[in-house]
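# Structural features, examined
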Amino acid sequence: MVAFLRLALRRVAMMPVMILGIALLVFVVLQFSPADPAYNALGDSASPEARAAFAEENGLNDPLPVRYFAFLGDLVQGDLGVTVAPSQPVADRIANAFPLTLQLTLLGLTLAIVLALVLGVTSAVYRDRWPDQVFRVLSMIGIALPSFWLGVLLIQQFALNMPVFPTGGYVNPADSFTGWLESLALPAVALALPVASSLARLIRTSMVAELDRDYVRTARGSGLPPFMIIRSVLRNSLITPLTVLGVKVGYMLSGAVVIEAIFDLPGMGKLILEGVNGGDVGLVQGTVLTIAVAFLVVNVVVDLLYLLVNPRIRTV
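Reading the values: rules and limits
- Residues numbered from 1 in each chain as written.
- Predicted model: local features only at pLDDT ≥ 70, side-chain atom pairs only at ≥ 80, totals over all residues.
- Heavy atoms only, no water.
- UniProt positions renumbered as here; feature names shortened; annotations may be inferred.
- Helix = DSSP H or I, 4+ residues; strand = E, 2+ residues; numbered from the N terminus.
- Buried < 20%, exposed > 50% of the residue type's maximum accessible area, 1.4 Å probe, protein only.
- Contact = heavy atoms within 4.5 Å.
- Areas by Shrake-Rupley, 256 points an atom, 1.4 Å probe, with all protein chains shown as cover.
- Expected span 1.5 Å × (residues − 1).
- Bend = angle between axes of the 7 residues up to and from the residue.

- Within an unreviewed UniProt entry, the label attached to the chain reads ABC transporter permease, and the organism entered is Actinospica acidiphila.
- Database annotation for the chain, UniProt heading Sequence similarities (unreviewed entry): "Belongs to the binding-protein-dependent transport system permease family."

See below:
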């Protein structure tokens, strides 16, 4: 336990450094944006003098390092700036949009894990037999399907041809849990299937290797029930897929942004599109930074889970 706590504290202590690096990267990249904040804030009719005054007042003429440290100072206080039009705090816009993206990601992740476990375990148990062959083909197809294209197909089939689910829009769970589930069902499926297919192949490969070990043959020879053997094998087989899970969650977070645009969901994807289309650098900067930090936090959590399920790494 002491070794685990030491490694966990080391992972957590690195987070502020990585967040500073993320903030620097996002800030520098967006400084090359062709959008003119003064033009976007004041409009077409603003005079050159008014634009120059706006730039001076907001520190746009300061050197890049000065602007970066000013940005960090505001960031520490939770101030991500204001949107261009209408003028609203970026942090408030993100606070309203991020919960939906998080809901979609968690729902898709839950569905992906369930599907991956079912497909992966079944394929490993029935290795080289027809269930294994069928599921391996299905997983390869799932990996090859882009989420955005799959989302369009789902809308066409299950919202237009068979109007079971809505074509888009969002229902707050506080208003109707059933409506909330229906509004996120198709986006979650589109987000989950490629991830589930990839994880299923990893689980199958890990379980097949584990099933050939000596302790499994000994357990079978001792007459242990098959479900107890499968449970032990599955626990030992999840170490490798767990290392990939953090990357997959990051993929789902970024993929959710695209899926939200397809299904007209008012999440982070809509904010990014609004910022890009409106030339609102502050809004884009805030949303991208939030998603990047969320991705970092998820990977740290997955690292800690990996330390829990793999005691051998605690000696490293």
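### A few points about the overall build of the chain
- Of the regular secondary structure elements, the chain holds 14 helices and zero strands.
- Going residue by residue from the N terminus, the α and β elements of the chain occur as α-α-α-α-α-α-α-α-α-α-α-α-α-α.
- Considering only C-alpha atoms, the chain reaches an extent of 85 × 55 × 35 Å along its principal axes.
- Burial analysis of the chain (316 residues in total) assigns 38% to the buried set.
- The long-range fraction of contacts in the chain, counting pairs at least 24 apart against all pairs at least 6 apart in sequence, stands at 73%.
- For the chain, the exposed area adds up to about 17,200 Å²; of that, 67% sits on carbon and sulfur atoms.

### So, unusual backbone geometry
- In this structure, Asp 128 is a non-glycine residue whose phi angle is positive, near 65°.
- Looking at where Asp 128 falls in the secondary structure, it is placed in the loop between helix H6 (90-125) and helix H7 (130-144).
- Even without glycine at this site, Asp 264 takes up a positive phi of about 55°.
- On the basis of relative accessible area, Asp 264 is assigned to the exposed category, the value being 51%.

### Re helix H8 (residues 147-161)
- Taking 1.5 Å per residue, 15 residues should reach 21 Å; H8 reaches 20 Å between its end C-alpha atoms and fits that length.
- The sharpest bend along H8 reaches about 25° and sits at Ile 155.
- By the burial criterion, the buried members of H8 are Ser 147, Leu 150, Gly 151, Leu 154, Ile 155 and Ala 159.
- If you follow the buried residues of H8, they end up packed against helix H9 (177-211) and helix H12 (239-262).

### Comments concerning the UniProt feature "transmembrane region" (unreviewed entry) in the chain
- In the numbering used here, UniProt assigns the feature "transmembrane region" (unreviewed entry) to residues 106-126, 138-160, 180-203, 238-263 and 283-309.
- End C-alpha to end C-alpha, residues 238-263 measures 33 Å, and it is 92% helix and 0% strand.

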